[in-house]
Amino acid sequence: MGRRIGIFGGTFDPIHVGHLVAAVNARQALGLDRVVLMVSNVPWQKAGTRAVSTAEDRLAMVEAAVGGVPGLEAGRLEIDRGGESYTADTLAQLHAESPGDALFLIVGWDVAGELDTWERSDELRRLATLVVVNRPGVVRPRRLDEEGWRVEEVPVPNLEISSTDLRARARDGRPLDYLIPRAAIRCIRDRGLYAGDG
Ligand code: ATP
Ligand code: MG
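These notes cover the structure that comes with them. (Residues numbered from 1 in each chain as written. Chains lettered and ligands numbered in written order. Predicted model: local features only at pLDDT ≥ 70, side-chain atom pairs only at ≥ 80, totals over all residues. Heavy atoms only, no water.)

**Section: the site of ligand 1**
Under the convention used in this document: In these notes, residues near a molecule or strand are those with any non-hydrogen atom within 4 Å of it. In protein, a polar contact means a hydrogen-donor-capable atom and an acceptor-capable atom, both N or O and within 3.5 Å, with residues adjacent in sequence counting only if both atoms are side-chain atoms; elsewhere, any N or O pair within 3.5 Å suffices. Note on areas: Shrake-Rupley, 1.4 Å probe, and residue coverage restricted to the protein chains presented here.
Around ligand 1, a shell composed of 22 residues is seen, among which Asp110, Arg135, Leu159, Ser163 and Thr164 lie nearest. Contacts to ligand 1 include His19, whose side-chain N or O atom sits 2.9 Å from an oxygen atom. Arg135 is positioned such that a nitrogen or oxygen atom in its side chain is 2.8 Å from an oxygen atom of ligand 1. Considering ligand 1 on its own, with 590 Å² of exposed area, one finds that the protein chains cover 92% of that surface.

Okay, here's the thing in structure tokens:
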């Protein structure tokens, strides 16, 4: 029997409860065996605009955050592949490794609105069902099923949380508590992340 695998890609700089709440709700709503929080190696959309934490630091935060949560795991495939991270390559690799699995690509509204700018989006359409989760503060994307995607919408609690805001909080010494799981906050402190960001 093929498994049902969710792929939730991100920079996760840092991971926060908005990501985790979306992941567990998508998992339950679609009966996914697991959801992989896939840490991008070099996020091409973000390169050059700000200092991104190292991939290993971002992976460590995700691992800390999902530790002990059934059905969630941190993915290091894009880090191991190296170079720029393209989701089409990731899905192609997962499909080649386990052709019987059904793949579900989970994205928030902001990312869903930009999918047509992604590398080889025709391949993505073929390899995965798109799972769209709502995200407050961004515009609801247009109807993606009209563009040939297989789409599932999963309603999740509206959590107005972003990594951008959390980096500013960390810099200013404002609390991260309850916005980021405790183990991931510990990881931020231990590694001295965000403290000195300009
Ligand atoms: P940044 O502010 O640095 O862009 P982010 O909070 O948007 O960080 P990303 O790593 O860019 O986090 O996002 C990864 C995925 O998680 C994207 O698909 C994004 O839409 C989704 N996502 C992020 N935050 C939320 C949230 N609060 N609710 C629902 N989805 C979210
Ligand atoms: Mg983002």
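Having seen it, we continue.
**Thoughts on the packing of aromatic side chains**
Applied cut-off: The aromatic pairing rule takes the rings of Phe, Tyr and Trp, using the six-membered ring of Trp, and pairs them if the centres are within 6.5 Å, calling planes under 30 degrees apart stacked, those over 60 edge-to-face and the rest tilted. Relative accessibility under 20% of the residue-type maximum defines a buried residue, over 50% an exposed one, and the middle range a partly exposed one, all with a 1.4 Å probe and only protein chains included.
Throughout the structure, instances matching the rule amount to 1 aromatic pair. When the ring of Phe8 is compared with that of Phe12, the centres are 6.2 Å apart and the planes differ by 75°; the resulting orientation is edge-to-face. When sorted by exposure, Phe8 lands in the same class as Phe12, which is buried.

**Points about the packing of helix α2 (residues 55-66) against helix α8 (residues 182-191)**
So the rule is basically this: To define axes, lines are fitted to C-alpha atoms, for helices over the stretch in contact only, and angles between the resulting N-to-C directions are given on a 0 to 180 degree scale. Helical segments are the DSSP runs of H or I of at least four residues, strand segments are the runs of E of at least two, and each set is numbered from the N terminus. Geometric relationships in this document are graded by angle, where less than 35 degrees denotes roughly parallel, more than 145 denotes roughly antiparallel, 65 to 115 denotes roughly perpendicular, and other angles denote oblique. Left-handed describes a crossing whose near helix is turned anticlockwise from the far helix through less than a right angle; right-handed describes the clockwise counterpart. Whether two residues touch is decided by their heavy atoms; if any such pair falls within 4.5 Å, the residues are in contact. Only Asp, Glu, Lys and Arg are considered charged, only Ala, Val, Leu, Ile, Met, Phe, Trp, Tyr, Cys and Pro nonpolar, and every remaining residue, Gly among them, polar.
α8 packs onto α2 with a crossing angle of 150° between their chain directions and a minimal axis gap of 7 Å. Of the possible angle classes, the one that applies to α2 and α8 is roughly antiparallel. Considering how the two elements wind past one another, α2 and α8 form a crossing that is right-handed. Side by side, α2 and α8 meet where Glu56, Asp57, Ala60, Met61, Ala64 and Ala65 of the first sit next to Ala183, Ala184, Cys187, Ile188 and Arg191 of the second. Counted by class, the contact of α2 with α8 contains 8 nonpolar, no polar and 3 charged residues.

**What about the pattern of salt bridges?**
The cut-off we apply is this: Salt bridges, as used here, are contacts in which a Lys or Arg side-chain nitrogen is within 4 Å of a carboxyl oxygen on Asp or Glu.
One pass over the full model with this rule turns up 14 salt bridges. Two residues, Glu56 and Arg76, come together in a salt bridge whose shortest N-O distance is 3.1 Å. Taken together, the residues span a long stretch of sequence, with Glu56 in helix α2 and Arg76 in the loop between β3 (72-75) and α3 (77-81) at a distance of 20 residues. In this structure Arg76 comes out as partly exposed when scored by relative accessible area, which is 33%.

**Observations concerning the pairing of strand β2 (residues 34-39)**
Short version of the rule: When the strands point away from the viewer, a crossover counts as right-handed if the route from the first strand across the helix to the second turns clockwise. DSSP-based pairing: two strands are paired if at least 2 bridges between them are found.
The buried count for β2 comes to 5 of 6 residues, which makes it a mostly enclosed element. For the crossover that starts at strand β1 (residues 4-10), traverses helix α1 (residues 17-30) and ends in the parallel β2, the hand is right-handed. Of the strand pairs in this sheet, β2 and β3 are connected by 4 bridges, and their pairing is parallel. Bridged to Val35 within β3 is Leu72.

**Topic: the sheet that holds β1**
One open sheet holds the 6 strands; their spatial order is β3-β2-β1-β4-β5-β6, and the pairing between them is parallel. Looking at strand neighbours, the two that pair on one side only are β3 and β6 (151-154), the edges of this open sheet. Each neighbouring strand pair of the sheet contributes to a mean axis angle of 30°, computed without reference to strand direction. Where β1 lies against strand β4 (residues 102-108), 5 bridges are found, and the strand directions are parallel. Each residue of the ladder has a partner; that of Phe8, found in β4, is Ile106. Contacts between α1 and the sheet are confined to β1, β2, β3, β4, β5 (128-133) and β6, with β6 contributing the most and set at about 120° to the helix.

**Observations concerning α2**
The condition is simple: The span you would expect from a helix comes to 1.5 Å times its residue count less one.
With 12 residues, α2 extends 16 Å between its outermost C-alpha atoms, agreeing within 8% with the 16 Å of an ideal straight helix rising 1.5 Å per residue. Counting buried positions over the 12 residues of α2 gives 9, a clear majority of the element. Among the residues of α2, Ala55, Asp57, Arg58, Leu59, Ala60, Met61, Val62, Ala65 and Val66 are the ones counted as buried. Where α2 is buried, its residues contact α1, β2, β3, α3 and α8. Backbone geometry just after α2 places Gly68 at a positive phi near 80°.

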